[in-house]
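Topology and contacts: notes
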Amino acid sequence: MTKTDSTISAPVLVFDRVSVAPADPRKLGSKRTWALEDATFVVAPGEAVGLLGERGAGKSALINAALGEARASTGTVYVRSQPALIAKATAFLPAETIRFNIVRLLQGAGLGGASLRTAIDRVSRQVGAADSLDREARDCDPVLVNRIRLASVLRTRPALIVVDDPRFRLDQLKVGTHSMVAEYLDGGGSLIVASDDLKPIRRTCQRLLWLDAGRLVADGPLRVVARNADLLADALRDGDARKAAQLRRRFASAYKPPRLLINEPGRRKA
Amino acid sequence: MNATMPGPETGTAEGGAERAQGPLVRVDVAGMAVQGARGTFSDYWVRCWDARRFMLHEARAKISGRAGRDKLGNLWLVIDPILMGAMFYVIFGLLLQVSRGIENYIGFLCIGIFMFTLTNGIIGQSADAIYANRSAGAGVRYNSLVKIGMVNVRVWMAGLPSYFVLLLFILLLPPGEHLSLRALLFLPIIAAQAALAFGISLVLGHLVARVSDLKHLVGFAQRAWLFSSGVFFSVDRILERVPQLAPFVDYNPMHHILDMSRAVLLYDTMPSAFGWNVVALWTVASLLLGSWILWRAEGTYGFDED
């Protein structure tokens, strides 16, 4: 029996030493071998995890590996169920009505017929959008649209929602005084919020994953990791390349990625 | 991108080895699926079938979105083919009065142009579908079959009115054909045309996703295809001069689809069994081969970097 430091049961997402090849295989001569290199982390139910990294740090590679859009070149990604994505690419079509957009989203999740109509009804009642259903999305209040998007995604009962749009501010989405996302997290749902700055992350997440140049350099409580990220951002803003490199080395050496002992079905010992 | 950043290469080479070992964590993955693991081949098709409502819904949105700023909106889907047919009638029927030895040349020409335009449109527009739709789907993941199918459905739906315009032209323009019951065979021909276009766009979709440059060649290949399909004139005229090209014509499915359509709509004759066989062979082979290649390569086409 191997001695383990802890056990995580019923996780919603597991990355076990995952490396992902660069985004566009059609572009020859990419600058890095891996878009994401050797990433290991686990997301537990009810957890809200921030994913910090600047453009090109590997956020998209990580997200796409989680969604199954990118195949892990090495390592394994385990998912509880197909994660839902809220991103620019999945935004409501502005020239279509709200109803059309809800249908589009829910149909994608396999709903149809009576269950689709019930779901639209529930969404519209939940966020008070009955008057807006037949208006074009571009004519509606953007915060209301985002509330409707989140409510529609929640109707598909995802175990994990990935938010990859800095303008999608989860903390602003309330029904009455209830935060929609807090309710989702309390119910055991999990969340990943990706961004290149802390603004959309800070008020929703307790834990922060930090990506730099394709590698995870930190994984811990938000306030600790955020402080380090701020230090590096300051150094970069001042143009102090030496200090930035120094900080990077310090953070990287302090980060100890967990080693996972996967209990695979069938291989489990009673 | 921050220009002052030290290059990402610094330290990555030796980074892996010097990494400290973290805590050992036991993770129970019972009930979880390996993401990106390949399902069965039949499951791949089932996923495409499951997405049928989404594809129709999406197609409608794209078509009306495209017409969005036009005052006549979706009416253009009807006006376009009418203008095209009218132009050919005026040029070939009234001004040049050519028939090139073909009975009802205007009808012959309209069938060729309308139907080839549609097949061409489907294949041309879905060539880049995998890349163009790399992040499509309202937050849900679709396989490449759906991404290409989406474009097929959209172009086909937008082209549907042109079939009616075509029939109208054949009935109304002189000599004004009288359709017999045999004209009903046009329906399976249309179905075969759609299936064939889907099959070919699957194979092409994979190739273009791999080597983007190929999409520039698709246009040229399509033009060669146009001339070997007998859109403007009977291919016999080419074969009389260069009989060596016969296999390219005999085994060209689009040539047979046009031939068969003309047989049932213009000349009230039975399409040849050989024609059906060639079309069926191409359709089944391209659908199976195309979807099999896509299924094998799923997850390796790259992703949206933004």
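Above this text sits the structure in question.
As the structure is a prediction and not an experimental result, all values here were calculated from the model.

This part covers the overall build of chain B. Of the regular secondary structure elements, chain B holds 13 helices and two strands. Taken across its 306 residues, chain B has 47% of its residues classed as buried. Nonlocal contacts in chain B, meaning residues at least 24 apart in sequence, comprise 77% of its contacts between residues at least 6 apart.

This part takes up the packing of aromatic side chains. Residue and element names in this part refer to chain B. Throughout the structure, instances matching the rule amount to 10 aromatic pairs over all chains. The ring of Trp 295 carries Arg 38 above its face, with NZ or CZ at 5.6 Å from the centroid. Sitting over the face of the ring of Phe 108, Arg 262 holds its NZ or CZ atom 3.5 Å from the ring centroid.

Here the focus is the pattern of salt bridges. Residues and elements named next belong to chain A. This structure, assessed with the given rule, holds 16 salt bridges over all chains. One salt bridge in this structure joins Asp 230 and Arg 202, with 3.9 Å as the shortest N-O distance. Within this pair, whereas Asp 230 is found in helix α7 (residues 222-237), its partner Arg 202 is found in helix α6 (residues 199-202), the two being separated by 28 residues in sequence. Judged by its relative accessible area of 32%, Asp 230 is partly exposed. Each of Glu 47, Arg 207 and Asp 219 takes part in one network of salt bridges that share partners.

Another point: the sheet that holds strand β4 (residues 48-52) of chain A. Residue and element names in this part refer to chain A. With respect to topology, six strands assemble into an open sheet ordered β6-β7-β10-β4-β11-β12, the strand pairing being mixed. With partners counted over all chains shown, the strands left at the sheet margins are β6 (84-87) and β12 (215-221), one partner each. Going from strand to strand, the sheet's axes swing by 15 degrees on average, the running direction of each strand aside. As paired strands, strand β11 (residues 207-212) and β12 are joined by six bridges and run antiparallel to one another. Directly across from Trp 210, in β12, lies its bridge partner Ala 218. Across the face of the sheet, helix α1 (residues 59-67) comes into contact with β4, β6, β7 (160-164), β10 (190-195) and β11 while running at roughly 140 degrees to β4.

Further remarks concern the packing of helix α12 (residues 253-265) of chain B against helix α13 (residues 273-297) of chain B. In a pair of packed helices, the angle between the axes and the distance between the axes together describe the arrangement. Residue and element names in this part refer to chain B. At a minimum axis separation of 9 Å, α12 and α13 run at an interaxial angle of 135 degrees. In this view, α12 runs oblique relative to α13, as classed from their interaxial angle. Of the two elements, α12 crosses α13, and the hand of that crossing is left-handed. Each of Pro 253, His 256, Ile 257 and Met 260 in α12 lies in contact with α13, whose residues at this interface are Phe 274, Gly 275, Trp 276, Val 278, Val 279 and Trp 282.

All names here are of chain A. Along its 14 residues, helix α8 (residues 241-254) runs 20 Å from first to last C-alpha, staying within 8% of the 20 Å computed at 1.5 Å per residue. Within α8, the full set of buried residues consists of Ala 244, Leu 247, Arg 248 and Phe 251. Around the axis of α8, the buried residues are gathered within 105 degrees of arc, so they sit on the same side. Facing away from the buried surface of α8 by more than 90 degrees, the exposed residues are Arg 242 and Arg 249. Check the buried side of α8 and you find it contacts β11, β12 and α7.

Turning to the sheet that holds strand β2 (residues 13-20) of chain A, a few remarks are in order. Pairing is antiparallel across the open sheet formed by four strands, whose spatial order is β3(A)-β2(A)-β5(A)-β2(B). Only two strands of the sheet have a single neighbouring strand rather than two, namely β3 (36-43) of chain A together with β2 (33-34) of chain B. As paired strands, strand β5 (residues 74-79) of chain A and β2 of chain B are joined by two bridges and run antiparallel to one another. Directly across from Val 79 of chain A, in β2 of chain B, lies its bridge partner Ala 33 of chain B. In this fold α1 of chain A packs onto β2, β3 and β5 of chain A, with an angle of close to 125 degrees to the strand it touches most, β2 of chain A.

Thresholds, definitions, all that
- Residues numbered from 1 in each chain as written.
- Chains lettered and ligands numbered in written order.
- Predicted model: local features only at pLDDT ≥ 70, side-chain atom pairs only at ≥ 80, totals over all residues.
- Heavy atoms only, no water.
- Helix = DSSP H or I, 4+ residues; strand = E, 2+ residues; numbered from the N terminus.
- Buried < 20%, exposed > 50% of the residue type's maximum accessible area, 1.4 Å probe, protein only.
- Contact = heavy atoms within 4.5 Å.
- Phe/Tyr/Trp six-rings, centres within 6.5 Å; stacked < 30°, edge-to-face > 60°.
- Lys NZ or Arg CZ within 6 Å of the ring centre and 35° of its normal.
- Salt bridge = Lys/Arg side-chain N within 4 Å of Asp/Glu carboxyl O.
- Pairing = 2+ DSSP bridges.
- Axes fitted to C-alpha atoms, helices over the stretch in contact; angles between N-to-C directions.
- Parallel < 35°, antiparallel > 145°, perpendicular 65-115°, else oblique.
- Left-handed = near helix turned anticlockwise from the far one by under 90°.
- Expected span 1.5 Å × (residues − 1).
- Arc of directions from axis to C-beta.

Everything listed here is a matter of geometry and, on its own, says nothing about what the molecule does.
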